[in-house]
2 protein chains.
Amino acid sequence: MSASNNHLVIMAGGVGSRLWPISSEQMPKQFIDVLGCGRSLLQLTLDRFKGIVTEENTWVVTSERYAPIVHEQLPELPHRNILKEPFPRNTAPCIAYASWKIKSINPKANIVVTPSDHIVMDTDEFRNVIASSLKFAGESDSIVTLGMQPTRPDTGYGYIQLDMTASCPRNKNIYRVDAFHEKPDLETAQMYLADNNYFWNAGIFIWNVNTIVNALRIYANSISNEFEKLLDIYGTPQEQSEVNKAYAACERISIDYAVLERADEIFCYPASFGWSDLGTWKALHESARQDSQGNSIVGNVDVYETANCIIRMPEKERVIVQGLNGYIVAEKDGSLLICKLTEEQRIREFSGAAPGNK
Amino acid sequence: MSASNNHLVIMAGGVGSRLWPISSEQMPKQFIDVLGCGRSLLQLTLDRFKGIVTEENTWVVTSERYAPIVHEQLPELPHRNILKEPFPRNTAPCIAYASWKIKSINPKANIVVTPSDHIVMDTDEFRNVIASSLKFAGESDSIVTLGMQPTRPDTGYGYIQLDMTASCPRNKNIYRVDAFHEKPDLETAQMYLADNNYFWNAGIFIWNVNTIVNALRIYANSISNEFEKLLDIYGTPQEQSEVNKAYAACERISIDYAVLERADEIFCYPASFGWSDLGTWKALHESARQDSQGNSIVGNVDVYETANCIIRMPEKERVIVQGLNGYIVAEKDGSLLICKLTEEQRIREFSGAAPGNK
């Protein structure tokens, strides 16, 4: 495996509404320093692949409106490596576009596809897993997903069920996938946790470019066709307008539905590197640095008798919080949320509501 | 009593720090619509004297920095009726200035002196009390204060002890003052409440101009001298510079200490017109309009499972509050306070503190 064949596709088109108000359509969470560490989730994503993939081989797929933010946050990336979607069509068209584009440049590419808004705690272990998976994908016609060792019966993640009876001869850490499962109810999640062959689907995929384009041809032919026919167009001035037409012709479908759940030969690398999709305020709270009282605070904030709170306030605002336990306090762009962490599933209801006492 | 002899002095130089952050040195509470009724406390103060005192005879004493705010909020007031203090010297110099200034215009004036940041619920009763007291002061050489019937053992007010054995022959509602008492501890306040001859000192005074200037000559001679010697200066271009010199020569002292507690003949009109000095968030909460859950809300705020809170947010901010009971949530000029109502006595500590968990 030559490192120069390694390519990275970062999917950064999402509109994170669950972390309202700090994440919004104007500035979704991948572009925000939600951990308060000085780097956005997108920047952290790029960081953790340094040494595995060159900047030349790193591709960010995002919407046209977010492309300037990506430029600004990742100045080291060549402008041409930012692929612009005219409108969101979920992950299958996104991956098809990036895959055919990469194939037009390097038919021997090995590709990692990753979301842009997740976090990884143990970066060293993550790099080991990615490097090992890339090597495996380069030597076989295999679709590899990453499965996260569950630590609690989480009902917010999809699960991957593995056949743990035998690992792959080429890589003892990789197992065949028996089935993908949607987000379960609590009882089912507890059963998954009790068994030892269910893993959280991290939405990270590793394959060589021929494996994925062939899988797309077989399982998502109409989408694949739209981007295969642009092989001579990629890199020309016509690329964007032709890609825009291709997107208009594509259905809105995830790579999971379009390919992974339909294909026979899917593999999974079960791993433990401290992963979270930060899909909830609770997950963000648990992943962020906390003070001795269990508060995760970003901003110019004084707290008194306050514990287990996640506070995200604009730096320019002076904030005093007294006597709260287990709350979200967050402000962004003129919207302030004060809400119990246990009630965060109602944030969509809150953020769309009309004034009054409910 | 001719209505044209009635004068009103509104003291509007205060720097309310207890209602931080909505009240601040830049914009103290008298200039703020703290009740959410569309009028500032200063405007409400002027409103409640309409029909008793003309605008021509209404004087606002304030600091130079607040004079433009007074101009803006009370456009009906002649500019010359805004008296500007070069720096705060408490109420005795303020009242001496206004009294000598008014005497230079109308030696037969009857004067009401009032704070600008209190509220009155029953305006009709208030007008009756003021009109009756003005008539009494016009016909006698008496200093009259207003005493508020206490409804709870409040430790935040000064108390006036009355001799209730006989009312004045000229006005059956007015009694002689036995003593003034500082803010008591709770036990003393309970004793005051159990007796029926203790009343809250509302800081509202009624007298004719000769009574007060004579009292100032006797009990606060050095202050009185400074303003008496400007009798020929008032209304001339030199007034402000000479007044500034007079203030520089004055000690910082309240009219209560300088005159009322020293004079022998002080009278009090005990009254009940729903009064509050809004000196605390709790007092403001109790005085403001509340929803069915006991919340007093100003701003673009949605509340859920929230009760007994006072919320004061800028109109331009969209606010969601969930799951709070008995809290202050207030923002002004880039400062946000979230604090239990029971802890509001610590606001000065909070507002001056450095960041961290205390």
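The structure under discussion appears in the preceding block.
Since the model is a prediction, treat every value here as computed from it, not as a measurement.

A. Region of the structure containing the relation of the copies chain A and chain B. When chain A is fitted onto chain B, the two copies agree to an RMSD of 0.1 Å after a turn of 180 degrees and an axial shift of 0.0 Å. The superposition of one copy onto the other is thereby described by a two-fold rotation axis. A shared binding surface is used by both copies, with 100% of the interface residues of chain A retained as interface residues in chain B.

B. How the structure looks around the interface of chain A and chain B. Facing the 43 residues of chain A at the interface are 43 residues of chain B. Across the interface of chain A and chain B, roughly 3,200 Å² is buried in total on both sides, 47% from carbon and sulfur atoms. Applying the counting criterion to the chain A and chain B interface returns 2 salt bridges. Applying the counting rule to chain A against chain B returns 20 residue pairs in polar contact (both at pLDDT 80 or more).

C. Inspection of unusual backbone geometry at higher detail. Residue Pro-21 of chain A follows Trp-20 of chain A across a cis peptide bond; omega there is 5 degrees. With respect to the secondary-structure elements, Pro-21 of chain A resides in the loop between strand 1 (6–11) and helix 1 (41–48). Within the chain, Asn-308 of chain A stands out as a residue other than glycine whose phi angle is a positive 55 degrees. Relative to the elements of secondary structure, Asn-308 of chain A occurs in the loop between strand 13 (300–304) and strand 14 (310–312). For Leu-278 of chain B, which is not glycine, the phi dihedral falls at a positive 45 degrees.

D. View of the pattern of salt bridges. Counting across every chain of the model gives 37 salt bridges over all chains. The salt bridge involving Asp-154 of chain A is made with Arg-152 of chain A; its shortest N-O contact spans 3.0 Å. When its relative accessible area of 28% is taken as the criterion, Arg-152 of chain A is described as partly exposed. For Glu-228 of chain B, the salt bridge is made with Arg-217 of chain B, and the minimal N-O distance between the two is 2.7 Å. Of this pair, Glu-228 of chain B sits in helix 7 (residues 221–228) while Arg-217 of chain B sits in helix 6 (residues 209–219), and the two are 11 residues apart along the sequence. Using a relative accessible area of 23% as the deciding quantity, one classes Glu-228 of chain B as partly exposed. We classify Arg-217 of chain B as partly exposed; its relative accessible area is 30%. What emerges from the salt-bridge pattern is a single network uniting Arg-39, Asp-47, Lys-50 and Glu-76 of chain A.

E. How the structure looks around the packing of aromatic side chains. Using the criterion set out here, one finds 30 aromatic pairs over all chains in the structure. Seen from their ring centres, Tyr-157 of chain A and Trp-275 of chain A are 4.8 Å apart, and the 45 degrees between their planes marks the pair as tilted. Taken together, the residues Tyr-157 of chain A in the loop between strand 6 (143–148) and strand 7 (159–167) and Trp-275 of chain A in strand 11 (residues 275–276) connect sequence positions 118 residues apart. Given the relative accessible area of 9%, Trp-275 of chain A is considered buried. Ring geometry for Phe-136 of chain B against Phe-267 of chain B: centres 5.9 Å apart, planes inclined by 70 degrees, an arrangement best described as edge-to-face.

F. View of helix 4 (residues 123–139) of chain A. Residue and element names in this part refer to chain A. Look at helix 4: 24 Å from first C-alpha to last across 17 residues, which is about the 24 Å you get at 1.5 Å a residue. Listed in full, the buried residues belonging to helix 4 are Phe-126, Val-129, Ile-130, Ser-133, Leu-134, Phe-136 and Ala-137. Burial along helix 4 is one-sided: seen end-on, the buried residues are contained in an arc of 165 degrees.

Conventions adopted
Residues numbered from 1 in each chain as written. Chains lettered and ligands numbered in written order. Predicted model: local features only at pLDDT ≥ 70, side-chain atom pairs only at ≥ 80, totals over all residues. Heavy atoms only, no water. Least-squares fit on C-alpha atoms with pLDDT ≥ 70 in both. Contact = heavy atoms within 4.5 Å. Buried area = accessible area lost by both parts, 1.4 Å probe. Salt bridge = Lys/Arg side-chain N within 4 Å of Asp/Glu carboxyl O. Polar contact = N/O pair within 3.5 Å; in protein donor to acceptor, adjacent residues only side chain to side chain. Helix = DSSP H or I, 4+ residues; strand = E, 2+ residues; numbered from the N terminus. Buried < 20%, exposed > 50% of the residue type's maximum accessible area, 1.4 Å probe, protein only. Phe/Tyr/Trp six-rings, centres within 6.5 Å; stacked < 30°, edge-to-face > 60°. Expected span 1.5 Å × (residues − 1). Arc of directions from axis to C-beta.

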